[in-house]
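# What the coordinates show
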Amino acid sequence: MLYEKYALAWDTQDIDMLESLCHPLMQKFKPEARRCLYENDDVLVMHFFMTFPNGTRDAVLYFIQKEDGLMRRIETGSTPLK
């Protein structure tokens, strides 16, 4: 099953395996008009737009918790645009 593969890739930090578990469409998404809203030693807040293959477009907000200068945890929010 997928979870077992994901857990193994995560536990062994196998980036190639993690990437191979993503649907090819996921690898085609490119953020548009990406910008940093706020950053300090602990957090990073980003905003961007995404256009999906079905033609819909969303505004996306990322809240990233940082630890030792690296991304530790990411929370996202998305709002459909009309």
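Residues numbered from 1 in each chain as written. Predicted model: local features only at pLDDT ≥ 70, side-chain atom pairs only at ≥ 80, totals over all residues. Heavy atoms only, no water.

## Some points on the packing of aromatic side chains
Formally: In summary, the pairing rule links any two rings of Phe, Tyr or Trp, Trp by its six-membered ring, whose centres are within 6.5 Å, and it sorts them by plane angle into stacked for under 30 degrees, edge-to-face for over 60 and tilted for everything else. In this description a helix means any DSSP run of H or I spanning at least four residues, a strand means any run of E spanning at least two, and both kinds are numbered starting from the N terminus. Type-normalised accessible area, obtained with a 1.4 Å probe on protein chains alone, sets the label of each residue: buried when under 20%, exposed when over 50%, and partly exposed for intermediate values.
Applying the stated criterion to the full structure yields two aromatic pairs. A centroid spacing of 6.2 Å and a plane angle of 20 degrees characterise the contact between Tyr6 and Trp10, whose relative ring orientation is stacked. Taken as a pair, Tyr6 and Trp10 lie in helix 1 (residues 2-12) at a separation of four residues, close to a single helical turn. According to the relative accessible area criterion, Tyr6 is partly exposed, its value standing at 40%. Classification of Trp10 as partly exposed rests on a relative accessible area of 48%. Ring geometry for Phe48 against Tyr62: centres 5.1 Å apart, planes inclined by 75 degrees, an arrangement best described as edge-to-face. With a gap of 14 residues between them, Phe48 in strand 2 (residues 43-51) and Tyr62 in strand 3 (residues 57-67) connect regions that are remote in the sequence. We classify Phe48 as buried; its relative accessible area is 6%.

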